[in-house]
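# Inside the fold
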Amino acid sequence: VINPKNYDDLLTVVSAIRAQVDVPLEAEIGIICGSGLGVIGDQVENPIVIPYSKIPGFPVTNVPGHKGNLLFGTIAGKKVVCMQGRFHPYEHQMNTALCALPVRVMHQFGIKTMIVSNAAGGINKNFQYGDLMLIKDHIFLPGLAGHSPLIGLKDPRYGRLFTSLHDAYNKDLRNLAIAVANAKKMRLFEGVFVMSGGPQYESPAEVNMFKTVGADALGMSTCHEVIVARQCGITCLGFSLITNIANLNVENSVEVSHAEVLETAKEAGERASSFVCDIIANM
Ligand code: 6GU
């Protein structure tokens, strides 16, 4: 068995992936396709597809609407590795280190930049469903409550335990994203993303709490991945695809359904994917 907090096990996982293909695998950009960006995998040229089921230590994904492959190929001439489907802590006993293991794997393949996306509920009153929010900062609720992916790492090869989250969502990449959005005349907001543990959606009182502390969008992924990426020295860019509007009013509350989230993600995901490809082309 693979222990996600054992560095030698990480190297074992990487060797097992390399052993499956006869070409050397490397990438400069890592992409994590959440529900919001599922179709970007289809934009990868000359893909080498490695199913998660063939990667030791990778858990099996069961959430409807999520695929499970690691793709190596190119987008706009740049070498990318793409996680087609991600691991949510709510599926895996809040094991955030396990869920962020693919980030360490992508780092071993050479990535310097990581693009992450997620489907999220909008809190900011300017948001409409289908909007894209550029993540400028985050609130990692499970991480604040003892579920950091960095807890208990002992091997110095991991890097700094006391990882800084200064500029976690890189300013230059955000500026590039904004410039690309402007050129495409696309709506793009910047905001603070909050990750809660899930899998239940938040109650109206909880959404109000998040609003009060400055959050603009709510999801159940991303923060643990970005923290691990920052520990690895990877520059990050993150997006939330607003798939629904979070419930703020207990007296007039609308049910959030996973089906609705998937529906919007599918519709707006095409636009989001073409946007991300343009950003990669301009990197
Ligand atoms: Cl409303 N909350 C959370 N935590 N995740 C979501 C969501 C809401 N909508 C889509 N993903």
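Residues numbered from 1 in each chain as written. Predicted model: local features only at pLDDT ≥ 70, side-chain atom pairs only at ≥ 80, totals over all residues. Heavy atoms only, no water.

### Things to note about the site of the ligand
Around the ligand, a shell composed of Ala-119, Ala-120, Gly-121, Ser-196, Tyr-201, Glu-202, Leu-218, Gly-219, Met-220, Thr-243, Asn-244 and Val-261 is seen. Here Glu-202 contributes a side-chain N or O atom positioned 2.6 Å from a nitrogen atom of the ligand. In the model, a nitrogen atom of the ligand is placed 2.7 Å from a nitrogen or oxygen of the Asn-244 side chain. Across the complex, the protein chains shield 95% of the 290 Å² of accessible surface that the ligand would expose by itself. Elements with a contribution of two residues or more to the shell around the ligand: β5 (113-122), β8 (217-219) and β9 (235-245). A per-element tally of the shell around the ligand places β5 first, with 3 residues. Looking at the shell around the ligand residue by residue, the classes come out as 6 nonpolar, 5 polar and 1 charged. (Near = heavy atom within 4 Å. Polar contact = N/O pair within 3.5 Å; in protein donor to acceptor, adjacent residues only side chain to side chain. Areas by Shrake-Rupley, 256 points an atom, 1.4 Å probe, with all protein chains shown as cover. Helix = DSSP H or I, 4+ residues; strand = E, 2+ residues; numbered from the N terminus. Nonpolar A, V, L, I, M, F, W, Y, C, P; charged D, E, K, R; others polar.)

### Brief notes about the pattern of salt bridges
What the rule picks out here adds up to 7 salt bridges. A salt bridge links Asp-8 to Arg-157; the shortest N-O distance between them is 3.3 Å. Of the two residues, Asp-8 is situated in helix α1 (residues 7-18) and Arg-157 in the loop between α4 (141-144) and α5 (171-183); the sequence distance between them amounts to 149 residues. By relative accessible area, Asp-8 is classed as partly exposed at 44%. Two residues, Arg-187 and Asp-131, come together in a salt bridge whose shortest N-O distance is 2.9 Å. A residue pair is termed long-range when its members are at least 10 positions apart, and Arg-187 in the loop between α5 and β7 (189-195) and Asp-131 in the loop between β5 and β6 (132-140) qualify at 56 residues. (Salt bridge = Lys/Arg side-chain N within 4 Å of Asp/Glu carboxyl O. Buried < 20%, exposed > 50% of the residue type's maximum accessible area, 1.4 Å probe, protein only.)

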